[in-house]
Amino acid sequence: MSKSKSIGTTPDAIAAAEQALGRQLPASFAQWLLVNNGRALGALCVFPVYDADHARKTWESITRHYDTSWQECLEHTGAGDAAHALLPFAQFGTGDYYCFDYAQTGPAGEPVVVLWSHETGATTAVATDFAAFLALPGRPG
């Protein structure tokens, strides 16, 4: 994924990812993807939705990460049922993930953003939604 160049995506690609994931992506994240799919936030790798028009740049999609590396992390940490409410959308360089926590809803009606520790499986609330996450001062990346 390019760290500086955005490629955007389509509502159809977002809908396909939502269907594959079995849940709707937060509206603020979906809107961001329409313009910024395939873009990192500094050093923070944000998972794109797969887009056939940009297959090489979107291959490491949110769906692919959820189905592979995320499931391996859950198995490795012995994470309980609470972790199944999480959807990782970005990986921090240390192996931790930023996730949408569908068990917690913020004031905008979207899942709260949490930081999930790959060492402990514990989460720490970071922002009330993705839009608030983007506005955080000192946000990693």
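Structure: see above.
Figured I'd write up the structure that's included with this text.

Moving on, we come to the nonpolar core. Grouped together as the largest cluster of nonpolar side chains are 35 residues, with contacts concentrated most on L25, F29, I62, F89 and F133. Counting only elements with at least two residues in this core, the list comes to α1 (11-21), α2 (27-36), α4 (62-77), β2 (86-91), β3 (97-105), β4 (111-116) and α5 (130-134). No other element matches the five residues that α4 contributes to this core.

What follows deals with the pattern of salt bridges. Tallied over the full model, the rule gives one salt bridge. Ionic pairing is found between R64 and E60, a salt bridge with its closest N-O pair at 3.5 Å. Taking relative accessible area as the criterion, E60 reaches 36% and is therefore assigned partly exposed.

Okay, the packing of aromatic side chains next. Evaluated as defined, the whole model comprises 18 aromatic pairs. Arranged with centres 6.3 Å apart and planes meeting at 80°, the rings of Y50 and W59 form a pair that is edge-to-face. For Y50, a relative accessible area of 35% translates into the label partly exposed. Seen from their ring centres, W70 and Y97 are 5.3 Å apart, and the 80° between their planes marks the pair as edge-to-face. Here the residue W70 occupies a position in helix α4, and Y97 occupies one in strand β3, the gap between them amounting to 27 residues.

Pairing analysis gives five bridges linking β2 to β3, with the strands arranged antiparallel. Note on β3: the bridge partner recorded for L86 is D101. Between β2 and β3, which pair antiparallel in sequence order, lie five residues; one of them, G95, sits at a positive phi of approximately 105°. Here β3 runs beside β4; their pairing, made up of six bridges, is antiparallel.

Along α2, the positions that sit buried rather than exposed are S28, F29, A30, W32, L33 and N36. Looking one or two residues past α2, G38 carries a phi angle of roughly 90°, positive in sign.

Listed as buried for α1 are A13, I14, A17, E18 and L21. Each buried residue of α1 sits inside an arc of 140° when the element is viewed along its axis, so together they form one side. Across from the buried face of α1, at angles greater than 90 degrees, the exposed residues are P11, D12, Q19 and A20. Following α1 by one or two positions, G22 has its phi on the positive side, about 75°.

Rules used throughout
- Residues numbered from 1 in each chain as written.
- Predicted model: local features only at pLDDT ≥ 70, side-chain atom pairs only at ≥ 80, totals over all residues.
- Heavy atoms only, no water.
- Core = buried A, V, L, I, M, F, W, Y, C linked by side-chain atoms within 4.5 Å.
- Buried < 20%, exposed > 50% of the residue type's maximum accessible area, 1.4 Å probe, protein only.
- Helix = DSSP H or I, 4+ residues; strand = E, 2+ residues; numbered from the N terminus.
- Salt bridge = Lys/Arg side-chain N within 4 Å of Asp/Glu carboxyl O.
- Phe/Tyr/Trp six-rings, centres within 6.5 Å; stacked < 30°, edge-to-face > 60°.
- Pairing = 2+ DSSP bridges.
- Arc of directions from axis to C-beta.

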